[in-house]
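# Analysis of the macromolecular model
Here is how the chains run, residue by residue.
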Amino acid sequence: MTNNAPFIQSDRLSNPVVSIGLPVYNGSDFLAEALDAILAQEFGDFELIISDNASTDATAEICAQYANLDKRISVIRHPENLGAAKNYNHVFQRASAKYFKWAAHDDIILPEFLSRCVAAFEAYPKPCAIVYPQSEFIDETGQVVRGDRNTMHSTSSFPAARVHRAVQAMGLVTAVFGLFNRDILSRTRLIGSFVASDYVLLLECALLGAVLHLDGQPLFQRRIHQNMSRQANKTDREVLRWFDPNARSYLSSKQRLHLEFLKSIYGLDGLGLLDRQVCACTLVGSLVYRRARISAGLWRRKLRSETANLGT
């Protein structure tokens, strides 16, 4: 990773409460809308670190324009594409605040996002890893497609219980765009250079502390469109190269994911041997249960479809 990428704006706030890191590559289509939403937050004590991964569209110009308008914004432009994983980690390593949030160039946060998440952190009496609000998915035009019904919410004092909840909620995870306790996040391996490494990050956070999913109206809108990473990259190899252009893997994405889950359980500092053993057993059971639950859902949908066809 390069550490000498230039800043367009370096007059950053001293001691902000929240650091927001926005890694971006060729995000000009939605970037301005995402930046407007961040700057419209009711809670204004934040720094925004944008890391441009050698974009070839108008991203650099948009970033420079916003940096010149608001002293809370710093822009880093890398001379070459480092891959998404290193770019995501780079903005965290540049951050300085008590709380940290990743932002995507194509998503929207509503004005109360930061204020409600910070308030929840401050009110919670135990170590908490992530706070995130209700979320919904939007399309290219900003129209709501559906709500996100998954939740990683778990305040159990047992790491294994939090692991089970995390595994069941993994899909188009919105928790990774929540607000993190920076100290806890720094104890994880961050985003790895392998497919679904965000799942591993969330599992590690669940191992280290509670995950709070707030009640109320959706405050986060995740945009689903044809150019998003999971849509534009069709194969595991393409997704892997999106994470890291130089990454190689001799395992399938599922095999690598399960291996990394176990590496997290047995390698993360702060867990006793008994907790590790219980978490490992829970992980295996949770993965089997999740697969059975998904298969049952597919079977029910197929049965309903066939029943409907018989009635026509």
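Structure first, text after, so check above.
Keep in mind the model is a prediction, meaning the values are calculated, not measured.

Analysis parameters
- Residues numbered from 1 in each chain as written.
- Predicted model: local features only at pLDDT ≥ 70, side-chain atom pairs only at ≥ 80, totals over all residues.
- Heavy atoms only, no water.
- Helix = DSSP H or I, 4+ residues; strand = E, 2+ residues; numbered from the N terminus.
- Rg over C-alpha atoms; globule rule 2.2 N^0.38 Å.
- Buried < 20%, exposed > 50% of the residue type's maximum accessible area, 1.4 Å probe, protein only.
- Contact = heavy atoms within 4.5 Å.
- Pairing = 2+ DSSP bridges.
- Axes fitted to C-alpha atoms, helices over the stretch in contact; angles between N-to-C directions.
- Core = buried A, V, L, I, M, F, W, Y, C linked by side-chain atoms within 4.5 Å.
- Salt bridge = Lys/Arg side-chain N within 4 Å of Asp/Glu carboxyl O.

## A short note on the overall build of the protein
Secondary structure assignment for the protein yields 11 helices and 11 strands. Relative to the compact-globule value of 20 Å for 312 residues, the protein shows a C-alpha radius of gyration of 20 Å, a close match. In terms of principal-axis extent, the alpha carbons of the protein reach across some 60 × 55 × 45 Å. For the protein, buried positions account for 51% of its 312 residues. In the protein, the share of contacts with a sequence separation of at least 24, taken over all contacts with a separation of at least 6, comes to 79%.

## Focus: the sheet that holds strand β3 (residues 73-77)
Spatially, 7 strands are ordered β3-β2-β1-β4-β9-β6-β10 in an open sheet, and the strand pairing comes out mixed. Looking at which strands have only one partner, the edges of the open sheet turn out to be β3 and β10 (210-213). Taking the axes of each pair of neighbouring strands and ignoring which way they run, one obtains an average angle of 20° across the sheet. Where strand β1 (residues 18-24) and strand β4 (residues 99-102) come together, 4 bridges link them in parallel fashion. Bridge pairing in β4 links Val-18 to Tyr-99. Sheet contacts for helix α7 (residues 197-208): β4, β6 (128-132), β9 (179-181) and β10; angle to β6, the most-contacted strand, approximately 120°.

## Looking at the nonpolar core
Residues Val-18, Leu-22, Leu-48, Ile-50, Trp-102 and Leu-185 are the most contacted members of the largest nonpolar core, which totals 91 residues. The greatest single-element share of this core, amounting to 9 residues, is contributed by α7. When neighbours within four sequence positions are excluded, Leu-22 is seen to be in contact with Leu-31, Leu-35, Ile-38, Leu-48, Ile-49, Ile-50, Ser-51, Val-91, Ala-103, Ala-104 and His-105.

## Looking at the pattern of salt bridges
Taken as a whole, this structure holds 8 salt bridges when the rule is applied. In this structure, Arg-77 and Asp-52 form a salt bridge, with 2.5 Å as the shortest nitrogen-oxygen distance. Of the two residues, Arg-77 is situated in strand β3 and Asp-52 in strand β2 (residues 46-52); the sequence distance between them amounts to 25 residues. Of the residues examined, Arg-77 reaches a relative accessible area of 31% and is grouped as partly exposed. Here Arg-189 ties to Glu-204 by a salt bridge, and the two come within 2.9 Å at their closest N and O atoms. Placement of Arg-189 in the loop between α6 (182-185) and α7 and of Glu-204 in helix α7 is noted, with a sequence separation of 15 residues between them. A relative accessible area of 38% means that Arg-189 is categorised as partly exposed.

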